[in-house]
Amino acid sequence: MPKKETFQDLSLPALKGEQELWRWLYTELRAAILGGRLKPGARLPSTRSLAKQYSLSRGTVIAAFDQLLSEGYIRTQVSSGTYVAPIMPGQWLQANRRRSTLKVPASKATLSKRARAMIHGIDLLAPSHSVGKAFRSYEPAIDLFPVELWSRVASRVLRHAPRSLYGHGAAGGYQPLRRAIAEYIGGARGVRCVPEQIIVTSGAQQALDLAARFLLDPGDHVWMEDPGYSGTTQTLRAAGAKIIPVPVDQDGFDVKAARKLSPKARMAYVTPANQFPLGVTMSADRRLELLNWAASIGAWIVEDDYDGEYRYHGRPVAALQSLDHSGSVIYIGTFTKMLFNALRLGFMVVPERLANAFEAARSFVDRHPPTLDQAILAEFITEGHFGLHVRKMRQTYLERLSVLKEAAQKHLDGLLTIEDAAAGMRTIGWLPAGASDKLASKQASMLGLEVSALSAFALKKTQKPGLILGFAGCTPHELRRGVSVLSTDLRGSR
Ligand SMILES: Cc1ncc(COP(=O)(O)O)c(C=O)c1O
């Protein structure tokens, strides 16, 4: 048997730099143990003799021993002494040794097929490093969000929140928030529901995901607006649905065309108040036709009312859900567009018979939304700040839209025709026939603008070339600057 190295054979390297003495001793002893120079079971000298050997105080040696002891490297035996532990902490010592000597092949484990289909072609939204950039279309006016008011409400709520709000919350959402939402959307959007039908979600996107996951089976046909919101297309694909692109005209989603394409679809996805991205409103007769179809064959309608509150001309159009007597509509709303993106709170209103099932299903997805944020939002709504903010923003967005139109008339005449948006936070700038909107948007992004091509949202039907221009979140100054940059871009590519 080879001779076991004893502590006396070890000479610890000298102290380097300005390390504390106890830490130096601890590190060197640990290295000797891990490196195998001090074997399991080896006896360590007494603290007194070690202190003498290295000219240390006894307290320093005791501190190093205490640390080794608490990490499991050494053991003490009453009236016998201190020994290197027989098994090293967490068995990781061995793994550690192997790593240093063996070549481990790189893992061949792969993503699932489903995940690969899910993420195919996705453009990740970059986190906002600035606000109000021309022509970002998915952000409201963060520059005008009443941050101080929000903080006051938040600190009051946090100061008075009972300890129970720090515990586990309800899967469907915080009850006072569900009540506040039900009351608000009843008045503002004509949505008929009781609080128990509301499931608070992480924005509209999670509501879309839950609806697709829990109401569809792989292979089910889903009517999807063409052009339409890519976030929905991806979610439907992820759920394994077969997407049936349905054309949209000036009256919105073409129900007759849809019935011809796939009469027995299981779900229809629509944005009736402000079609994404064309901005048209679905006509009353098409709404009724869609509801009748769904009721007659037992299909679902997902109504995405992501920014239905911002209507600039005529009276606000009530939600499709308000006409639904059969319980076929899943209504979706979001506070990310009404307040600010980072809040990530939205909701879905499900028919009464689905309420329990959705609560149960949601509970295993991510348990529940953050309760304290929900409590702050509930207070913000019930104290009337939310309604006031939305009314103010409606006025502001109308003003920003006219700034955009005015500047475009001056600088983009003949290059881009701005659609007079009746609703929402963005509009379309039509390019001359034959132009490439993908190329124009690519060049605009190289000049620092955030502009999407309309054709990027087309599924099957070829669209006239157009650029999607957000205006709600951009200051008038930024809108004018953006128009001037865009005019350079478009003139250059003529
Ligand atoms: C039509 C539409 N639906 C849903 C969403 C998702 O909204 P949220 O950010 O609340 O998840 C968006 C976001 O831009 C959207 O444009």
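Residues numbered from 1 in each chain as written. Predicted model: local features only at pLDDT ≥ 70, side-chain atom pairs only at ≥ 80, totals over all residues. Heavy atoms only, no water.

Peer 1: Would you mind going over the sheet that holds strand 2 (residues 74-77) with me for this structure?
Peer 2: Strand pairing in a sheet relies on backbone hydrogen bonds, with the paired strands running either antiparallel or parallel. Read from one edge to the other, the open sheet built from 3 strands follows the order 1-3-2, with strand pairing classed as antiparallel. Looking at the sheet topology across the chains shown, the edges are occupied by strand 1 (43-44) and strand 2. Relative to strand 3 (residues 81-84), strand 1 is paired through 2 bridges, and the arrangement is antiparallel. Bridging across to strand 3, Leu44 finds its partner in Thr82. In the packing of helix 3 (residues 58-70) onto the sheet, contacts are made with strand 1, strand 2 and strand 3, and the angle to strand 2 comes to roughly 105 degrees. (Pairing = 2+ DSSP bridges. Helix = DSSP H or I, 4+ residues; strand = E, 2+ residues; numbered from the N terminus. Contact = heavy atoms within 4.5 Å. Axes fitted to C-alpha atoms, helices over the stretch in contact; angles between N-to-C directions.)

Peer 1: Whenever I open this one, the packing of aromatic side chains confuses me. Can you help?
Peer 2: Within the structure shown, the criterion is met by 20 aromatic pairs. Ring centres of Tyr331 and Phe347 lie 6.3 Å apart, and the angle between their planes is 35 degrees; on these two criteria the pair is classed as tilted. One end of the pair, Tyr331, is in strand 10 (residues 329-334); the other, Phe347, is in strand 11 (residues 346-349), and 16 residues separate them in sequence. Since its relative accessible area comes to 2%, Tyr331 is described here as buried. Members of the aromatic cluster, joined through ring pairs, are Tyr184, Tyr331, Phe335, Phe347 and Phe386. Its guanidinium or amino end placed over the ring of Trp430, Lys464 lies 4.6 Å from that ring's centre, counting from NZ or CZ. (Phe/Tyr/Trp six-rings, centres within 6.5 Å; stacked < 30°, edge-to-face > 60°. Buried < 20%, exposed > 50% of the residue type's maximum accessible area, 1.4 Å probe, protein only. Lys NZ or Arg CZ within 6 Å of the ring centre and 35° of its normal.)

Peer 1: Explain empty space enclosed by the protein to me, please; I cannot follow it from the model alone.
Peer 2: Empty space among the atoms becomes visible once a probe the size of a water molecule is rolled across them. One pass over the full model with this rule turns up 2 cavities of 30 Å³ or more. In this structure, the largest cavity spans a volume of roughly 130 Å³. Taken together, 16 residues line the largest cavity, and the ones lying closest to its centre are Ile185, Glu309, Thr334, Met338 and Phe347. For the lining of the largest cavity, the secondary structure elements donating two or more residues are helix 7 (175-189) and strand 10. Top element by residues in the lining of the largest cavity is helix 7. It accounts for 5 residues. Residues that form the lining of the largest cavity fall into these classes: 11 nonpolar, 2 polar and 3 charged. Looking at the second largest cavity, its volume works out to about 50 Å³. Leu208, Ala211, Ala212, Thr232, Thr235, Leu236, Met267, Tyr269 and Val302 are the residues that line the second largest cavity. Looking at the lining of the second largest cavity, the elements with two or more residues in it are helix 8 (203-215), helix 9 (230-238) and strand 8 (267-270). Along the lines of polarity and charge, the residues of the lining of the second largest cavity split into 7 nonpolar, 2 polar and no charged. (1 Å grid on protein atoms, 1.4 Å probe; cavity = no way out; pocket = protein on both sides within 12 Å on 5 of 7 lines; lining within 4 Å. Points joined across faces, edges and corners; volume = space filled by probe spheres on them. Nonpolar A, V, L, I, M, F, W, Y, C, P; charged D, E, K, R; others polar.)

Peer 1: What am I meant to see in the pairing of strand 10 here?
Peer 2: Consecutive side chains of a regular strand alternate in pointing toward one face of the sheet and then the other. Counting buried residues along strand 10, 6 of its 6 residues qualify, which places the element largely inside the surrounding structure. Here strand 10 shows two buried faces, one formed by Val329, Tyr331 and Gly333 and the other by Ile330, Ile332 and Thr334. Where strand 9 (residues 300-304) and strand 10 come together, 4 bridges link them in parallel fashion. Looking at strand 10, one finds that Glu303 is bridged to Tyr331. Two strands pair when backbone bridges link them, and strand 10 and strand 11 are joined in this way by 4 bridges, in the antiparallel orientation. Note that in strand 11 the partner of Gly333 across the bridge is Phe347.

Peer 1: Explain the packing of helix 15 (residues 437-446) against helix 16 (residues 476-492) here, please?
Peer 2: In a pair of packed helices, the angle between the axes and the distance between the axes together describe the arrangement. Packing of helix 15 against helix 16 brings their axes to within 10 Å, and their N-to-C directions diverge by 130 degrees. As the angle between them shows, helix 15 and helix 16 are arranged oblique. When the axes of helix 15 and helix 16 are compared, the crossing they make is right-handed. Taking contact as the criterion, the partners of Ala440, Gln443 and Ala444 in helix 15 are, on helix 16, Leu486, Asp489 and Leu490. Here the residues of the contact of helix 15 with helix 16 sort into 4 nonpolar, 1 polar and 1 charged. (Parallel < 35°, antiparallel > 145°, perpendicular 65-115°, else oblique. Left-handed = near helix turned anticlockwise from the far one by under 90°.)

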